[in-house]
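Below, each chain spelled out in residue letters.
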Amino acid sequence: MSREVRVRFAPSPTGALHIGGVRTALYNYLFAKKMGGKFLLRIEDTDQTRFVPGAEEYIKESLEWLGIAPEESPWNPGDCGPYRQSERKPMYMQYALDLVEKGHAYYAFDTSEELEAMRERLTAARVVSPQYNSITRTQMKNSLTLSAEEVKARLESGDPYVIRVKIPRNEEVRLNDMIRGWVMVNTGTLDDKVLMKSDGMPTYHLANIVDDHLMGITHVIRGEEWLPSAPLHVLLYKYFGWESTMPQFAHLPLLLKPDGNGKLSKRDGDKLGFPVFPLNWTDPFSGEKASGFREQGYLADAFINFLAFLGWNPGDDRELFTLEDLVEAFSVERIGKSGTKFDIAKAKWYNEQYLRSKPTSELTGFLLADAKAEGLEVPADKAAAIVDLVKGRVTFPADLWKESKFMVSAPEKFDEGVAAKKWNADAVKLLGAYATALDTFEGTFDAVSAKSLLESTAETEGIKLGKVMQAVRLAVTGMGGGPDLMEVFAILGKEEVAKRIRFALSRLTVVA
RNA sequence: GGUCCGUUCGUCUAGGGGUUAGGACGUAUCCCUUUCACGGAUAAAACACGGGUUCGAUUCCCGUACGGACUACCA
């Protein structure tokens, strides 16, 4: 029997979705598509105290930007709704009660003070890890220690309570992780986790099992931080009697900070010199802003490609993969086991690759928009010529304009360092002659003719071009470096070049 | 501390009982270019350590070290 593959991405709407979450979503998406299955999204908002307005919309927009939108989600429900756990609230209690009836869970009435006191007592007694477990529960207030009458009375009087799972004292739990292989844990190290909170909401542990079961999830692909609680999840599947349809687990290696010191977290914001979020985000409570990859100028396909390679590789030397290519090549077996340090230099390289491979027509829009923001209009054909000339030297779309603004708006100042070094009598002489030659030039003014005219002018003036090229560049562009000068001349046109030369001649003086 | 997971160039990684341990990013140098960049070429750069097993281990096993995750009525 083989079921249709169904995987889910299950984020909490507690703020901006961070990049590790985005990668988890991507791997889920790739796996689903590769297997011809479905990718769905479930909002895990069982902790109402951590709800952040706007977070859900942020998640939606992020996935849509990247082209990995889920096929079923709160905003596009399938047959397994609702897709928000808060809206599924009425469903969970019956499952918790089922476990209580089967003897795999119990009511607990301990207050947080009592729990704290218990931990302190255990710590004082030098118990290595103070936890609510098969031993300590015998000294706490729960339906295992209290009489049936008292439990009933407390329940009826509305005493706050939680439902805890009853973890056996000494049992081996095995789980076959798709990435890590067999993992074995003794239940003696597990604690009686809370399943139902006193506010009537389930915890993650209960909710994710119930929901994954009800939603027909076949594979759980999530971060490695969940590995320690995976044995508990396996136990719950067993207690519910859902072993035969228990999903397969794949625990992804974590995304680490560049220095390898701990996992990349939301709190890292822009402090590391790069964004940790896909999109810009403003915290609705503090007003604190964090930048996103999209707004920094990363292209969605470049970002996807980069992210996919953080922990996965196709097994050959190929580096550039479209989303479709990734789907084709993806396999869980090729996901690495060890944590991955985040390297922004590689992300930039990917962005450059994608930017260069884009047709000019797709790029001119960026240039036009940036120019317009400064109140400058650029004719379409000129914009295209400019993009062709500079796209090989940019990392971000915004660099297109930064690299070419001088072609639209004539320089008013000249780089002083270059002027001091390269502005000399020969240059002045040549430039003057070239401007004059330009006035009477007939024919097509392109890079080739601009160059041969410059060369012939230099020859008649008896000047070596190599010695004055920097000065020529300075006069026309105001800078000492940039794209091929003769191409720039062609874009500018002979009148503009002559005009700029004369302006430079009027401003720059030769210092002996 | 305990439990679990991990460890190949600085980084992402391929590989796998016998290899000159391969690629990419980054770095350096050279070529191209009358600049810078692009592009091309080259170089430096790694199997954490100690024991086994074996004719032979970077690869398999066990320890050690180091790193990480988890250890809430958070997910």
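Keep in mind that this is a model prediction, so the values were computed, not measured.

A. Structural view of unusual backbone geometry. With omega at -10°, the peptide bond leading from G81 into P82 counts as cis. You can see P82 is positioned in the loop between α2 (55-66) and α3 (89-102). Even without glycine at this site, R126 takes up a positive phi of about 60°. Along the chain, R126 turns up in the loop between α4 (112-124) and α5 (148-156).

B. Up close: the packing of helix α6 (residues 204-214) against helix α7 (residues 230-240). Where α6 contacts α7, the two axes come as close as 10 Å, and the packing angle between them is 55°. One finds that α6 runs oblique with respect to α7. With respect to the hand of their crossing, α6 and α7 are arranged in right-handed fashion. Residues Y204, H205, L206, N208, I209, V210 and D212 of α6 touch α7, and the partners they reach there are L232, H233, L236, Y237 and F240.

C. Representation of the domain arrangement of chain A. Considered domain by domain, chain A is made up of domain 1 (6-74 + 207-255), domain 2 (89-206), domain 3 (281-354), domain 4 (358-405) and domain 5 (416-507). Computed from C-alpha atoms alone, the centre-to-centre distance between domain 1 and domain 5 is 62 Å.

D. Region of interest: the sheet that holds strand β7 (residues 194-196). Taken in spatial order, the 3 strands line up as β3-β4-β7 in an open sheet, and their pairing is antiparallel. Of all strands in the sheet, those with a lone pairing partner are β3 (105-108) and β7, marking the two edges. Across this sheet, the average inter-strand angle for adjacent strands is 45°, counted without regard to direction. Here strand β4 (residues 162-165) runs beside β7; their pairing, made up of 2 bridges, is antiparallel.

E. Local environment of the packing of helix α12 (residues 360-373) against helix α14 (residues 397-408). The contact between α12 and α14 brings their axes to 8 Å, and the two run at 60°. Classified by the angle their axes make, α12 and α14 are oblique. By crossing handedness, the relation of α12 to α14 is classed as right-handed. Where α12 abuts α14, its residues L363, F366, L367, D370 and A371 lie against P397, A398, L400, W401 and S404. Taken together, the residues that form the contact of α12 with α14 break down as 8 nonpolar, 1 polar and 1 charged.

F. Focus on the pattern of salt bridges. Evaluated as defined, the whole model comprises 32 salt bridges. With its nearest N and O atoms 3.0 Å apart, the salt bridge here joins R6 to E72. Here R6 is found in strand β1 (residues 6-9), whereas its partner E72 is found in the loop between α2 and α3, with 66 residues between them in sequence. Here E72 falls in the buried class, since its relative accessible area comes to 8%. The closest approach of N and O atoms between K238 and E171, which form a salt bridge, is 3.3 Å. Of this pair, K238 sits in helix α7 while E171 sits in the loop between β4 and β5 (172-177), and the two are 67 residues apart along the sequence. Judged by relative accessible area, E171 falls into the partly exposed class, the value being 28%. Overlapping salt bridges bring together R8, R42, E44, R88, D211 and D212 as one network.

What counts and what doesn't
Residues numbered from 1 in each chain as written. Chains lettered and ligands numbered in written order. Predicted model: local features only at pLDDT ≥ 70, side-chain atom pairs only at ≥ 80, totals over all residues. Heavy atoms only, no water. Helix = DSSP H or I, 4+ residues; strand = E, 2+ residues; numbered from the N terminus. Axes fitted to C-alpha atoms, helices over the stretch in contact; angles between N-to-C directions. Parallel < 35°, antiparallel > 145°, perpendicular 65-115°, else oblique. Left-handed = near helix turned anticlockwise from the far one by under 90°. Contact = heavy atoms within 4.5 Å. Domains from an automatic or database assignment. Pairing = 2+ DSSP bridges. Nonpolar A, V, L, I, M, F, W, Y, C, P; charged D, E, K, R; others polar. Salt bridge = Lys/Arg side-chain N within 4 Å of Asp/Glu carboxyl O. Buried < 20%, exposed > 50% of the residue type's maximum accessible area, 1.4 Å probe, protein only.

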